[in-house]
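Geometric and topological summary
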Amino acid sequence: MKILLIAGARPNFVKIAPLYKAFLQYPDMHPRIVHTGQHSDYQMSGIFFRQLDIPQPHYFLGIAQGSPTMQTAEIMSAFERVVNAEMPDWVVVVGDVTSTLACALVAAHMRIPLAHVEAGLRSRDRTMPEEMNRILTDAISDQLFATEEAAVRNLLAENIDPHRIHLVGNVMIDSLVRFCGWIGDCSAGKHSRISGGRYLLITMHRPANVDQEEGLRKIAGMLEMLGSHWEIVFVMHPRTMRNAAAFGLDFSQIAGVTILPPQGYVEFLGLMQHAVVVITDSGGVQEETTFLGIPCITLRNSTERPVTVTCGTNHLLPDFDAQKVWDTIEKVLSRTSEDAKIPPLWDGNTAQRIVRILREKCINP
Ligand code: UDP
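The text that follows walks through the structure, step by step, so that each part is easy to find. Note that this is a predicted model, so its numbers are computed, not measured.

**Considering the overall build of the protein**
- Regarding its fold elements, the protein presents 16 helices and 13 strands.
- The C-alpha radius of gyration of the protein comes to 20 Å, within 12% of the 21 Å expected for a compact globule of 365 residues.
- Overall, the C-alpha framework of the protein stretches about 60 × 40 × 40 Å when taken along its three principal axes.
- Considering the protein as a whole, with its 365 residues, one finds that 59% of them fall into the buried category.
- Counting only contacts in the protein whose residues sit at least 6 apart along the sequence, the fraction spanning at least 24 positions is 69%.
- Only carbon and sulfur atoms are counted for the fraction: they give 52% of the accessible area of the protein, which is about 14,700 Å².
- Taking the average place of the 33 positive charges on the side chains of the protein and the average place of its 39 negative ones, the gap between the two points comes to 3 Å.

Below, the structure written as structure tokens:
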């Protein structure tokens, strides 16, 4: 069995690593990693391959930066050549980025069985590019692997055949479980200012929050208010950095704020683990904080990962303003403990479940 595993952007690398390793446990299964190049610099890509201990991609499509439309077109034509050369038994896509949908479309056109890992998540906000990628990828996938019950319900409501839907847990948590034993030692101490400190960890990169000057000014206002009382570590995504620079905003001048560039996976896990509260708009970080039991405030109007709110440590804060964030932090910290649980099947064994199911489907289609 030949499997093409698709990755393009930072969260994808964290998700494909456990899948790649799970496929390798079977001598007759041959996974190949296809990296589209959506994120290609070392801090957003190479470091993840090194830390997660997966080989360099078998195919690197090297697509240029550009609009989602341009990137989709480029990925599709480059990936079609890979599929023609390999004729795989499965194409496996993860998550919700441009590469996910572009490669899914190619597999569907070429009638290669397609599996979507992290299927069924819905924010119900179609202004998010990721939401369109999720809906469209799910509509053309042959096997759909869900992280939580709500995702299964969403797929059923979209009339997807129940036999193709599998509630298997979360591959991102598989990676986390692997590192859990030693993240305690590895990171926060490297930055002496924050070692041992009680800091808030912030990461923001969704277009709705960081593409317009107004959103970035709101973030600056929040940093000013929180920085007057808390130590803040703001790990800046390249998109946020680029846009802040374009609007002439320098967050590093705000009292109490330490700006860090994008961190390696292990370093970022360490930063999360030592944070008092994490403030984010990232999808994966909502899940990882739930697993780690760290309170998380999500500055978005909706989340496609509701289990992190109903079961985990996530607090969704729509229409954010600084005062609301402040009040939520106070509320969260006044509790003696978060009444939170780890969602079912987020146990570190999800990739193995997925591979077992795909293998079975291949042997007994
Ligand atoms: N992450 C990281 N370094 C950072 C910020 C995030 O390694 O500086 C990890 C984070 O732990 C998670 C993944 O990147 O595993 C989430 O990626 P991102 O927030 O870019 O994407 P999203 O999950 O929002 O799609």
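**A word on the pattern of salt bridges**
- Inspection of every chain in the model, using the stated rule, returns 18 salt bridges.
- The salt bridge partner of Glu131 is Arg134, with a shortest N-O separation of 2.6 Å. With Glu131 and Arg134 both in helix H5 (residues 129-140) and three residues apart, the pair spans about one turn of that helix. Across the pair, exposure class does not vary: Glu131 and Arg134 are buried alike.
- The network of salt bridges with shared partners includes Lys15, Asp96, Glu118, Glu131, Arg134, Glu287, Arg300, Glu304 and Arg305.

**Focus: the site of the ligand**
- Taken together, 18 residues surround the ligand, and among them Gln263, Ser282, Gly283, Gly284 and Glu288 come closest.
- One nitrogen or oxygen atom from the side chain of Arg206 is found 3.0 Å from an oxygen atom belonging to the ligand.
- For the ligand, whose unbound accessible area comes to 530 Å², protein coverage reaches 98%.
- Here the ligand is seated within the largest pocket.
- Within the residue set of the shell around the ligand, elements represented by two or more residues are helix H1 (10-24), helix H12 (265-274) and helix H13 (283-292).
- When its residues are assigned to classes, the shell around the ligand shows nine nonpolar, six polar and three charged.

**Focus on the packing of aromatic side chains**
- Summed over all chains, the structure comprises five aromatic pairs.
- Aromatic side chains Phe48 and Tyr265 sit 6.4 Å apart centroid to centroid with 50° between the ring planes, which places their arrangement in the tilted category. Residue Phe48 is located in helix H2 (residues 46-51), and its partner Tyr265 is located in helix H12; the two are separated by 217 residues in the primary sequence.
- Look at Tyr265 and you get buried, because its relative accessible area is 4%.
- Members of the aromatic cluster, joined through ring pairs, are Phe13, Phe48, Phe49, Phe179 and Tyr265.
- Seen from the ring of Phe320, Lys218 lies directly overhead, with NZ or CZ sitting 5.4 Å from the centre.

**A look at the layout of surface pockets**
- In this structure, the largest pocket encloses a volume near 1,200 Å³.
- For the lining of the largest pocket, the elements supplying multiple residues, two or more each, are H1, helix H3 (68-86), helix H4 (98-109), H5, helix H11 (238-246), H12 and H13.
- By residue class, the composition of the lining of the largest pocket is 18 nonpolar, 18 polar and 13 charged.
- Approximately 470 Å³ is the volume attributed to the second largest pocket.
- Taken together, the elements giving at least two residues each to the lining of the second largest pocket come down to H5, helix H9 (207-210) and helix H10 (213-227).
- When residues in the lining of the second largest pocket are grouped by element, the largest group, four residues, is from H9.
- Per-class residue counts for the lining of the second largest pocket are eight nonpolar, six polar and eight charged.

**What about the packing of helix H7 (residues 171-180) against H13?**
- Taken N-terminus to C-terminus, the directions of H7 and H13 make an angle of 45°; their axes are 10 Å apart at the nearest point. With respect to H13, the axis of H7 lies oblique. Our pair here, H7 against H13, has a crossing hand that is right-handed. Within the contact between the two elements, H7 uses Met172, Ile173, Leu176, Val177 and Cys180 and H13 uses Gly284, Glu287, Glu288, Phe291 and Leu292.
- Considering only residue class, the contact of H7 with H13 consists of seven nonpolar, one polar and two charged.

Thresholds applied
- Starting afresh in each chain, residues are numbered from 1 along the sequence in its written order.
- Confidence filtering applies because this is a predicted model: local features only for residues at pLDDT of at least 70, side-chain atom pairs given and counted only at 80 or more, and all residues used for totals across whole chains, interfaces and linings.
- In computing side-chain values, all of the structure's heavy atoms are included and hydrogens and water are not.
- Secondary structure is summarised from DSSP: a helix means a run of H or I of at least four residues, a strand means a run of E of at least two, and numbering begins at the N terminus for each.
- In this description the radius of gyration comes from C-alpha coordinates, and the expected globular size is given by 2.2 Å times residues to the power 0.38.
- Note on classification: 1.4 Å probe, protein chains only; a residue is buried when its accessible area is under 20% of the maximum for its type, exposed when over 50%, partly exposed between these limits.
- What makes two residues a contact is simply this: any of their non-hydrogen atoms within 4.5 Å.
- Only the protein chains shown count as cover for residues, and the accessible areas themselves come from Shrake-Rupley with a 1.4 Å probe.
- In this charge count, Lys and Arg are treated as positive and Asp and Glu as negative; neither His nor the chain ends contribute.
- In this description, the location of a charge corresponds to atom NZ of lysine, CZ of arginine, CG of aspartate or CD of glutamate.
- A pair is scored as a salt bridge if a Lys or Arg side-chain nitrogen falls within 4 Å of a carboxyl oxygen belonging to Asp or Glu.
- Here a residue is near a molecule or strand as soon as one of its heavy atoms is found within 4 Å of it.
- Here a polar contact is recorded for every N or O atom pair within 3.5 Å, except that within protein the pair must consist of a potential hydrogen donor and a potential acceptor, and residues adjacent in sequence are included only if both atoms are side-chain atoms.
- The pocket and cavity definitions rest on a 1 Å grid over protein atoms only: a 1.4 Å probe that fits but cannot leave marks a cavity, an open set with protein on both sides within 12 Å along at least five of seven lines marks a pocket, and residues lining either have an atom within 4 Å of a point.
- In this description, a molecule resides in a pocket or cavity if more than half of its atoms sit within 2 Å of the grid points defining it.
- In the scheme used here, Gly and all other residues not listed as nonpolar or charged are polar, with Ala, Val, Leu, Ile, Met, Phe, Trp, Tyr, Cys and Pro taken as nonpolar and Asp, Glu, Lys and Arg as charged.
- Under the pairing criterion, centres of Phe, Tyr and Trp rings, with the six-membered ring standing for Trp, must be within 6.5 Å; the plane angle then separates stacked pairs below 30 degrees from edge-to-face pairs above 60, leaving the rest tilted.
- Placement of a positive charge over a ring is assigned whenever Lys NZ or Arg CZ falls within 6 Å of the ring centre and within 35 degrees of the normal to the ring plane.
- Grid points are joined across faces, edges and corners, and a volume is the space filled by probe spheres set on the points.
- To define axes, lines are fitted to C-alpha atoms, for helices over the stretch in contact only, and angles between the resulting N-to-C directions are given on a 0 to 180 degree scale.
- Roughly parallel means an angle under 35 degrees; roughly antiparallel means over 145; roughly perpendicular covers 65 to 115; every other angle is labelled oblique.
- Should the near helix be turned anticlockwise from the far one by less than a right angle, the crossing is termed left-handed; should it be turned clockwise, right-handed.

These figures come from the coordinates and say nothing about function on their own.
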